[in-house]
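Next come the chains, spelled out residue by residue.
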Amino acid sequence: MKIAINIPLVGKEEISVVTSILRDGALTSAANQGGKYVQKFEKSVSTFVKSKYAIAVNSGTAALQASLYALDIKKGDEVLLPSFTFVATANAVVSTGAKPVFVDILKENYTINPDDLQKKITKKTRAIIPVHLYGNVANIERLSEISKKNNIPIIEDSAQSLGSTYKGKHTGTFFEMGCYSMYPAKVMTSGEGGFIVTNNKKLRDKLLMIRNHGMVHGYDTKVFGLNLRLPEISAAIATIQMKKLPGFLKARKNNAKLLSKLISDLKIQLPQQRKNENVNWYLYTISTNKRDVILKALNKKGIGAASYYPIPVHKTPFYKLKTKLPITDWSAKHVISLPIHPNVTKNNIEYIAKTMRDIL
Ligand SMILES: Cc1ncc(COP(=O)(O)O)c(C=O)c1O
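Since the model is a prediction, treat every value here as computed from it, not as a measurement. (Residues numbered from 1 in each chain as written. Predicted model: local features only at pLDDT ≥ 70, side-chain atom pairs only at ≥ 80, totals over all residues. Heavy atoms only, no water.)

Draft legend 1. A look at helix H1 (residues 12-24). For H1, spanning 13 residues, the distance from its first C-alpha to its last is 18 Å, which sits close to the expected 18 Å at 1.5 Å a residue. Every buried residue belonging to H1 is among Glu14, Val17, Val18 and Ile21, and all of these are buried. The buried residues of H1 occupy an angular sector of 100 degrees when the element is viewed end-on, so they sit on one face. Exposed residues on H1 whose side chains face more than 90 degrees from its buried face are Lys12, Ile15 and Arg23. Where H1 is buried, its residues meet helix H2 (36-49) and helix H8 (232-263). Gly25 sits one or two positions beyond H1 and adopts a positive phi of about 90 degrees. (Helix = DSSP H or I, 4+ residues; strand = E, 2+ residues; numbered from the N terminus. Expected span 1.5 Å × (residues − 1). Buried < 20%, exposed > 50% of the residue type's maximum accessible area, 1.4 Å probe, protein only. Arc of directions from axis to C-beta. Contact = heavy atoms within 4.5 Å.)

Here's what the structure looks like:
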């Protein structure tokens, strides 16, 4: 048996739209508003997350970069973010010339620790990027309080949390901007791709310029920008995936529920949902002090369990920082994510649970 941790789920509809776009020949558009499929996709996103605007770009990394450019983050500025994330969050900050300042996380759900965040705010802090890791929602109330008190904007890294809500409101829509990724391992995909959501018209207009070399009508660069445009083929695939997303999320939820039921008596920390939180189950992550043994044994049995992330960003060779982040370090040594994507069957879940039980 081979069970992957996450797989792209594309079908006939996606294949057919790709063929028709190739036949038609309109592969991209450098117009300010983007091409026909890009606009259609943006509409589907803003309807789903209930944001006023969505701006499609060509990766989650580009979404983060564009958001930072939109806030004019630059050299001499500091941006606060967790180190327990995919490195893209930090790399996007570095690309602006600003300094990433790493904040510790909470043991219960691996999201940014508001107390440590507050402590690390300085006169130079210009933005905060909480990450809704694994689909878990960061502490919205505390973030809101800190942001207001210190007058610092927040960019939500929602790359992993499309579909996660808190009090019925979607992650990515709580603050200035929310950034998402459509990398194939995510809950829906366009191959490569990303998008930003916002309720602020000024930011939306600026983001539209930023994704297209700062232009509005062409050859009239008004702000710094790059080519961050999403190809029409990717936008069309993504629109179909958005239609399928509620079904994907339902299947993930059912799998997570069953898995929790079957392994709840084991001596491990199960994923913890907070009150009013509804997660998208992008990754079902447990923690255990026998991590390496369990991970190896699961992989040997064909179960694509994985550790996200075994090396926190601040300890990678490029960053190599001595910042003390005890829970980040602890998590990097204890977490395992188990497969629960929509194609994982009831049989697969029972097999994963039994294998876990045998190992422990
Ligand atoms: C938390 C986080 N931030 C940012 C990204 C970057 O997205 P992308 O790979 O689409 O550039 C990812 C995903 O890869 C991610 O998981």
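Draft legend 2. How the structure looks around the domain arrangement of the protein. The domain boundaries assigned to the protein delineate domain 1 (12-240) and domain 2 (247-359). Contacts between the two partners involve 39 residues from domain 1 and, on the opposite side, 37 residues from domain 2. When domain 1 packs against domain 2, close to 3,100 Å² is buried across both sides, 56% of that on carbon and sulfur atoms. Of all residues in domain 1, the largest losses of buried area upon contact with domain 2 belong to Phe84, Lys107 and Tyr134, amounting jointly to 22% of the total for that side. Among the ionic pairs, Arg274 bridges to Glu108, the shortest N-O distance being 3.3 Å. Viewed at the interface, domain 2 and domain 1 are joined by 19 residue pairs in polar contact (both at pLDDT 80 or more). Sorting the residues of the side of domain 1 that touches domain 2 by element identifies helix H4 (88-96), strand E3 (99-103) and strand E6 (165-166) as the ones contributing at least two each. For the side of domain 1 that touches domain 2, the residue count by class is 20 nonpolar, twelve polar and seven charged. (Domains from an automatic or database assignment. Buried area = accessible area lost by both parts, 1.4 Å probe. Salt bridge = Lys/Arg side-chain N within 4 Å of Asp/Glu carboxyl O. Polar contact = N/O pair within 3.5 Å; in protein donor to acceptor, adjacent residues only side chain to side chain. Nonpolar A, V, L, I, M, F, W, Y, C, P; charged D, E, K, R; others polar.)

Draft legend 3. Broad picture of unusual backbone geometry. Omega for the peptide link from Tyr308 to Tyr309 comes to 10 degrees, which places this bond in the cis form. Notably, Tyr219 is not glycine yet its phi reads approximately 55 degrees, a positive angle. By relative accessible area, Tyr219 is classed as exposed at 84%. Positive phi, normally seen in glycine, also occurs at Asn276, with a value near 70 degrees.

Draft legend 4. Layout of the packing of aromatic side chains. Under the definition given, this model contains 13 aromatic pairs. Relative to Tyr309, the ring of Phe86 lies with its centre 6.3 Å away and its plane at 35 degrees, an arrangement referred to as tilted. You can see Phe86 sitting in the loop between strand E2 (78-82) and H4 and its partner Tyr309 sitting in the loop between helix H9 (291-300) and helix H10 (326-334), a full 223 residues away along the chain. Ring centres 4.5 Å apart and planes at 15 degrees place the aromatic pair Tyr180 and Phe195 in the stacked group. Taken together, the residues Tyr180 in strand E8 (residues 177-181) and Phe195 in strand E9 (residues 194-198) connect sequence positions 15 residues apart. Considered together, Tyr180 and Phe195 belong to a single accessibility category, that of buried residues. Ring pairing ties together the aromatic residues Phe84, Phe86, Tyr110, Tyr134, Tyr308 and Tyr309, which thus form one cluster. (Phe/Tyr/Trp six-rings, centres within 6.5 Å; stacked < 30°, edge-to-face > 60°.)

Draft legend 5. Geometry of the sheet that holds E6. Taken in spatial order, the three strands line up as E7-E6-E10 in an open sheet, and their pairing is antiparallel. The open sheet has two edge strands with one neighbour each: strand E7 (169-170) and strand E10 (277-278). In the sheet, E6 pairs with E7 via two bridges, with the strands oriented antiparallel. Its bridge partner lying in E7, Thr165 is registered against His170. (Pairing = 2+ DSSP bridges.)

Draft legend 6. Representation of the sheet that holds strand E5 (residues 155-157) within the structure. Judged by pairing direction, the sheet is mixed, and its four strands sit side by side in the order E1-E9-E8-E5 without closing on themselves. Each edge of the sheet is formed by a strand with only one pairing partner; in this case those strands are strand E1 (53-57) and E5. The average angle at which neighbouring strand axes cross in this sheet is 20 degrees, direction not considered. Relative to E9, E1 runs antiparallel, the two sharing five bridges. Bridge assignment links Ala56 to a residue of E9, and that residue is Phe195. The strands that helix H7 (residues 201-210) touches are E1, E8 and E9; relative to E1, the one it contacts most, it runs at about 20 degrees. (Axes fitted to C-alpha atoms, helices over the stretch in contact; angles between N-to-C directions.)

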